[in-house]
Structures are given as C-alpha cells and as structure tokens.
Amino acid sequence: MRYLKQLLCVFALLLASAGGAALAAPANGIWTTSTGYYFLLMQDGAKAQAIAVQVAYDFTSASVYVGTESADTLTLKKLDQSATLYTTATGNTMSGTYVQSAGATDLFSANLSYAFEGS
C-alpha cells in the first residue's frame, strides 16, 4: 500500500512538472471514477499516445494502460493485455467502457479531480 501511495505522488509530480508543449487537453490529470478507482492520465497530443495508471481507492492495487488518442477519445490496453479501456473525455467528465479479454464489459464515468494543461 505504501508503494501505491508513493506511485500516486510521483505521478502527480510528473503531471505538474512535465514539459507542457507536448501535452494535450482535456484528459491530462487525475480522474475519480464511478467504480471507485483513480485514473492518473497523461497524453502526448503530438504523438497521439496516452498512458494511464489505474489505482484502487484504498491504494491496494494498480494497473498500467497504454494506448492512443484521437480528438477526445482514448483507446488504452492494459499492459498484460487482459483488458481494454475505451474512453471519451469532455471538459471535466469522462465516460467509457472497460472490456476484459474474456468478453465481460463494464461501463464507467469519471470526474476530473486534478487537471494539468501545459503552456
């Protein structure tokens, strides 16, 4: 649990200190989901890539996703390929679908808790 809290702090610092020119809005930041997770999300609009760290509300688990972005839509695969996230972010809200490789699907929504936008 201690390491996950440290991971959250490190990622927040990365968001706050990253070079701004390559980062795209609106999805960069820390999101709180309806399913009880935090998403630490960072996009590189110039390369159309994104990375997300999904952290449990109690900091007991974390998963990393990488993928692509197009406009306000992100397609992110879990590193172990066991799931894919399809999300759309508009302003301070996000909605999406979590699809497991076994076929199970869950819908979720999220609100932006901490935003970072480069200058």
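Residues numbered from 1 in each chain as written. Predicted model: local features only at pLDDT ≥ 70, side-chain atom pairs only at ≥ 80, totals over all residues. Heavy atoms only, no water.

*Asks:* Explain the overall build of the chain here, please?
*Replies:* Within the chain, the regular secondary structure consists of 1 helix and 8 strands. The N-to-C order of helical and strand elements in the chain reads α-β-β-β-β-β-β-β-β. When each of the 119 residues of the chain is scored for burial, the buried share is 38%. Sequence-distant contacts in the chain: of pairs separated by 6 or more residues, those separated by 24 or more amount to 34%. (Helix = DSSP H or I, 4+ residues; strand = E, 2+ residues; numbered from the N terminus. Buried < 20%, exposed > 50% of the residue type's maximum accessible area, 1.4 Å probe, protein only. Contact = heavy atoms within 4.5 Å.)

*Asks:* What am I meant to see in the packing of aromatic side chains here?
*Replies:* Aromatic ring pairs: the centre-centre distance and the angle between the two ring planes describe each pair. Tallied over the full model, the rule gives 3 aromatic pairs. Measuring from centroid to centroid gives 6.0 Å for tyrosine 38 and phenylalanine 59, while their planes differ by 15°, and the two rings are stacked. Highlighted residues: tyrosine 38 in strand S2 (residues 37-44) and phenylalanine 59 in the loop between strand S3 (49-56) and strand S4 (62-70), separated in sequence by 21 residues. The exposure class of tyrosine 38 is partly exposed, given its relative accessible area of 26%. Given the relative accessible area of 15%, phenylalanine 59 is considered buried. Centroid distance phenylalanine 39 to tyrosine 65: 6.4 Å. Interplanar angle 70°. Geometry classified as edge-to-face. Separated by 26 residues along the polypeptide, phenylalanine 39 in strand S2 and tyrosine 65 in strand S4 bring together distant segments of the chain. With respect to burial, phenylalanine 39 and tyrosine 65 carry one shared label: buried. Chaining the aromatic ring pairs together yields one cluster made of Phe39, Tyr65 and Phe108. (Phe/Tyr/Trp six-rings, centres within 6.5 Å; stacked < 30°, edge-to-face > 60°.)

*Asks:* Whenever I open this one, the nonpolar core confuses me. Can you help?
*Replies:* Considering soluble globular proteins, one finds that nonpolar side chains tend to be buried as a cluster. Trp31, Phe39, Leu41, Tyr65, Leu76, Leu85 and Met94 are the most contacted members of the largest nonpolar core, which has 17 residues in total. Elements supplying a minimum of two residues to this core: S2, S3, strand S5 (73-78), strand S6 (83-90), strand S7 (93-100) and strand S8 (105-115). Dropping the residues within four chain positions of it, leucine 76 is found in contact with Leu41, Ala50, Ala52, Tyr65, Val66, Gly67, Ala83, Thr84 and Leu85. Core analysis: the next-biggest nonpolar cluster, separate from the first, contains 5 residues, Leu40, Val53, Val55 and Phe59 among them. (Core = buried A, V, L, I, M, F, W, Y, C linked by side-chain atoms within 4.5 Å.)

*Asks:* Can you walk me through a nonpolar patch on the surface in this structure?
*Replies:* A contiguous nonpolar patch, built from Ile51, Val66 and Leu79 and spanning about 230 Å² of accessible area, is present on the exposed surface. A relative accessible area of 54% places leucine 79 in the exposed class. (Patch = residues over 30% accessible without salt bridge, like charges linked within 9 Å, V, L, I, M, F, W, Y side chains within 5 Å. Areas by Shrake-Rupley, 256 points an atom, 1.4 Å probe, with all protein chains shown as cover. Salt bridge = Lys/Arg side-chain N within 4 Å of Asp/Glu carboxyl O.)

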